[in-house]
Amino acid sequence: MTEHRAPAVSGTAAGRGTPALRAAIRAAATGALTAAFLGLAPQGALAATPAPPPAPAASAVTAARTAATAPDTLATLSRFFARDGAVARTKARPRIEGRTVPVYVLSADFVRGKAGAPVSRLEFLASTAVSADGQKASVWTAESGGSWKVVNIATGDDEARYSAAGDGGTVFQEPQINAWYEQRGDRVRPLDAEARKAVGAGGTTVAAYQKRVAKAYGDKLPGSAYDRRGAAGGYGPQASGADGGAAQEGTPGQPVAAGAAAGDSSGPVTAASAVAGTAALLALGLSGAAALRRRHSR
């Protein structure tokens, strides 16, 4: 399945570049943590198994679903599904199906080894939209200015599928490599090919996983030389875009406009900065929830 981005509101057009480019921008999208924090804590700080992150309140899930099913959102979904002529806009008839699920991403506090930090943090809530011709899209919602808003629309239903693949633990994403895992107790289990490549088919311990992500991202957050070079926010050289610009898709292909990045790694889920075209996401507090997302062919 190819990748596309559409907005619920407005914004600059999202890139349709090469698979490598889309992968780079996907990494910048949900992640906004292409960096980890300076000064890693001693190994003993992670001796105890971290508690799972808190689940969103039922009222938040209800508000997020209300935003996803709003008439304006459904109108945008009609344009999104009709973007390549797959179906006429007037015949797309999008609907929201299944559960609205929490989406967790790798926690910056965990990366830096902060004692008691959960492995992941809540990033946004996702609802699956389906068109009359069977296309699927994931509608991302986050709180902004005291209300829940749509911050992105992505092809496919990764969030719902991987959430359903969990076995009683917390499903989360390492967005830098587009890897999905489940943390259950002291184990981190891979759920996709990228995750298996990172930790092996049998998974790994929480402590071993922390060592891996600390090594990968431990020198790349605010204040680091990486940050001062302007590369922080997502695989700098790649994310800048090989084709030098955004796709010209018009209204159906615009990315969602999102609010300002907010909160630290332990705060509530909030709307994030949108990535303009092929630019890397510059929010470094793990609150990035808008940009291109890589989708695999299936």
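As a reminder, the structure under discussion sits directly above these lines.
The structure contained in this document is the topic of the report that follows.

The rules behind each value
- Residues numbered from 1 in each chain as written.
- Predicted model: local features only at pLDDT ≥ 70, side-chain atom pairs only at ≥ 80, totals over all residues.
- Heavy atoms only, no water.
- Core = buried A, V, L, I, M, F, W, Y, C linked by side-chain atoms within 4.5 Å.
- Buried < 20%, exposed > 50% of the residue type's maximum accessible area, 1.4 Å probe, protein only.
- Helix = DSSP H or I, 4+ residues; strand = E, 2+ residues; numbered from the N terminus.
- Polar contact = N/O pair within 3.5 Å; in protein donor to acceptor, adjacent residues only side chain to side chain.
- Pairing = 2+ DSSP bridges.
- Salt bridge = Lys/Arg side-chain N within 4 Å of Asp/Glu carboxyl O.

### What about the nonpolar core?
For step 1, the next point in the chain: Ranked by internal contacts, the top residues of the largest apolar core, which has 20 residues, are Leu106, Phe110, Phe172, Tyr181, Tyr209 and Val213.
For step 2, the next point in the chain: Those elements giving two or more residues to this core turn out to be α2 (58-68), β2 (95-106), α4 (108-111), β3 (120-130), β7 (179-184), α6 (193-199) and α7 (206-217).
For step 3, the next point in the chain: Among the elements that make up this core, the one with the highest residue count is α7 (four residues).
For step 4, the next point in the chain: By size, the runner-up hydrophobic cluster in this structure holds 13 residues, among which are Ala67, Phe80, Val150 and Ile153.

### As for the side chain of Gln210
For step 1, the next point in the chain: Among the secondary structure elements, Gln210 is positioned in helix α7.
For step 2, the next point in the chain: Only 3.2 Å separates the side chain of Gln210 from the backbone oxygen of Phe110, close enough to count as a polar contact.

### Brief notes about the pairing of strand β4 (residues 136-144)
For step 1, the next point in the chain: Counting buried residues in β4 gives seven out of nine residues, a clear majority hidden from the surface.
For step 2, the next point in the chain: Bridge count for β3 against β4 is six bridges, and the pairing is antiparallel. Bridge pairing links Leu125 to Thr141 in β4.
For step 3, the next point in the chain: Between β3 and β4, which follow one another and run antiparallel, lie five residues, and Gly134 among them has a positive phi close to 95 degrees.

### Brief notes about the pattern of salt bridges
For step 1, the next point in the chain: For the structure shown, the criterion picks out eleven salt bridges.
For step 2, the next point in the chain: Here Arg112 ties to Asp109 by a salt bridge, and the two come within 2.9 Å at their closest N and O atoms.
For step 3, the next point in the chain: Owing to a relative accessible area of 27%, Arg112 belongs among the partly exposed residues under this scheme.
For step 4, the next point in the chain: Where Asp109 meets Lys114, a salt bridge forms, and the shortest distance between an N and an O atom there is 3.9 Å.
For step 5, the next point in the chain: On the accessibility criterion, Asp109 (6% relative accessible area) is buried.

By themselves, these observations are geometric and do not establish any function.
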